[in-house]
Amino acid sequence: MSEAEKKQSESDMCAEPVGNQLKADTTDQTPGQIKKVIDAEKETESDEDVQLSAFTMSALQEFVSEQLEREQRRQQVERCTLDAGADDDFEEDWQLSQFWYDERTCRVLGAEAMRLAGPTGRVACLSCPTLYRHLRKVRPAGLQLTLLEYDQRFGVFGSDFVLYDYRAPLEVPPALREQFDVVVADPPFLSEECLTKTAVTVRLLAKHHLLLCTGAQMGELASRLLGVHECQFRPGHTHNLANEFRCFANYDLDAHVASGEAAS
């Protein structure tokens, strides 16, 4: 190796690693010029960071918006809880297939549930939050209520609330199995799958009496699954439904419903 080649090799070994070099060529530039190059590179890197931060900020804003909506829904339920008469403030969520009972239906089903359970019994409201809210107002002090419901807004009711998804019918706390004197169920959807899976849960919960509110077309399947029959009593809703709605029971409900209450 020539002397010139040796010097060039030594120079390469002592050179600054590529990762530590400036992106721009600063050879023969004054310190002031080099500073300008460095500042320009920092500004470019800062612009890249801003682009990444904008994407992250968009995702964060979406998350915060969802959390805010949930909090607003929770506060809405709390207001309804504090004001027992503020039913109109607690809006139906039609995406969850929620349709509130009218006053007459709440009165009839509530009175029957309390009659069956007695002053110290237990009532399960399965996917029927309207009835649960009515019973909270009129129940005797010793009557125990449990609301099994998918809508987590009702979590503000504390230990009365049990998160329930009809698609997982067996996921019921063991402590609740066969503990209820009466179960009132209102499957959220008019489908064989929904009724079949809801019926599994009903059988897990009930000791004796069953009340089922669903579409008239589900009667035959309900009879096979739960041994219930159609009643003369017709449940109603604050908003009229396109489907004919019926009440089914595994005992003679009509014998205990006043003639004036039987039909809307």
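Thresholds applied
- Residues numbered from 1 in each chain as written.
- Predicted model: local features only at pLDDT ≥ 70, side-chain atom pairs only at ≥ 80, totals over all residues.
- Heavy atoms only, no water.
- Helix = DSSP H or I, 4+ residues; strand = E, 2+ residues; numbered from the N terminus.
- Buried < 20%, exposed > 50% of the residue type's maximum accessible area, 1.4 Å probe, protein only.
- Contact = heavy atoms within 4.5 Å.
- Areas by Shrake-Rupley, 256 points an atom, 1.4 Å probe, with all protein chains shown as cover.
- Salt bridge = Lys/Arg side-chain N within 4 Å of Asp/Glu carboxyl O.
- Expected span 1.5 Å × (residues − 1).
- Pairing = 2+ DSSP bridges.
- Axes fitted to C-alpha atoms, helices over the stretch in contact; angles between N-to-C directions.
- Core = buried A, V, L, I, M, F, W, Y, C linked by side-chain atoms within 4.5 Å.
- Phe/Tyr/Trp six-rings, centres within 6.5 Å; stacked < 30°, edge-to-face > 60°.
- Lys NZ or Arg CZ within 6 Å of the ring centre and 35° of its normal.

(A) Fine view of the overall build of the protein chain. When its secondary structure is counted, the protein chain shows six helices and seven strands. Burial analysis of the protein chain (264 residues in total) assigns 39% to the buried set. Excluding contacts between residues fewer than 6 apart, the proportion of contacts in the protein chain whose partners are at least 24 apart in sequence is 62%. On the protein chain, roughly 15,700 Å² of surface is accessible, and the fraction owed to carbon and sulfur atoms is 50%.

(B) Main features of the side chain of arginine 122. Tracing the chain through its elements places arginine 122 in strand 1 (residues 122-126). If we skip the residues at most four places from it in the chain, arginine 122 touches Ala117, Leu143, Gln144, Thr146, Leu176, Gln179, Phe180, Asp181 and Val182.

(C) Summary view of the pattern of salt bridges. In the structure shown here, the tally under the stated rule is eleven salt bridges. The residue aspartate 151 makes a salt bridge to arginine 153 at a minimum N-O spacing of 2.7 Å. Look at aspartate 151 and you get buried, because its relative accessible area is 2%. Here the salt bridges do not stand alone but share partners, grouping Glu230, Arg234, Glu244 and Arg246 into one network.

(D) Quick look at the side chain of threonine 201. Within the element layout of this structure, threonine 201 appears in helix 5 (residues 192-205). Among all residues touching threonine 201, those that are not within four sequence positions of it are Leu126, Tyr164, Pro169 and Val172.

(E) Molecular detail of helix 3 (residues 103-117). Across its 15 residues, helix 3 extends 21 Å between first and last C-alpha, which sits within 8% of the 21 Å expected from 1.5 Å per residue. For helix 3, the full list of buried residues reads Arg104, Thr105, Cys106, Val108, Leu109, Gly110, Glu112, Ala113, Leu116 and Ala117. Packed against the buried residues of helix 3 are strand 1, helix 4 (129-138), strand 4 (180-185), strand 5 (206-215) and strand 7 (245-249).

(F) Local environment of the sheet that holds strand 1. With respect to topology, seven strands assemble into an open sheet ordered 3-2-1-4-5-7-6, the strand pairing being mixed. The open sheet has two edge strands with one neighbour each: strand 3 (161-163) and strand 6 (229-230). Most of the contacts of helix 5 go to strand 5, to which it runs at about 155°, and overall it touches strand 1, strand 2 (144-149), strand 4 and strand 5.

(G) Main features of the nonpolar core. If you look at the biggest cluster of nonpolar residues, it comprises 32 residues, and the most contacted ones within it are Leu109, Val123, Cys125, Leu131, Leu211 and Leu253. Taken together, the elements giving at least two residues each to this core come down to helix 3, strand 1, helix 4, strand 2, strand 4, strand 5 and strand 7. Contacts of cysteine 125, omitting those with residues within four sequence positions, involve Leu131, Tyr132, Leu135, Thr146, Leu147, Leu148 and Val184.

(H) Geometry of the packing of aromatic side chains. Inspection of the entire model under this criterion finds three aromatic pairs. On the numbers, 5.2 Å between centres and 75° between planes, the contact of tyrosine 132 with phenylalanine 157 is edge-to-face. Of this pair, tyrosine 132 sits in helix 4 while phenylalanine 157 is found in the loop between strand 2 and strand 3, placing the two residues 25 residues apart along the sequence. Each member of the pair, tyrosine 132 as well as phenylalanine 157, is classed as buried. Residues phenylalanine 154 and phenylalanine 157 carry aromatic rings whose centres are separated by 6.1 Å and whose planes lie at 20° to one another, so their mutual orientation is stacked. Among the residues examined, phenylalanine 157 registers a relative accessible area of 8% and is labelled buried. An aromatic cluster is present here, built from Tyr132, Phe154 and Phe157 joined pairwise through their rings. In this arrangement the basic side chain of arginine 122 is found over the ring face of phenylalanine 180, its NZ or CZ atom lying 4.8 Å from the centre.

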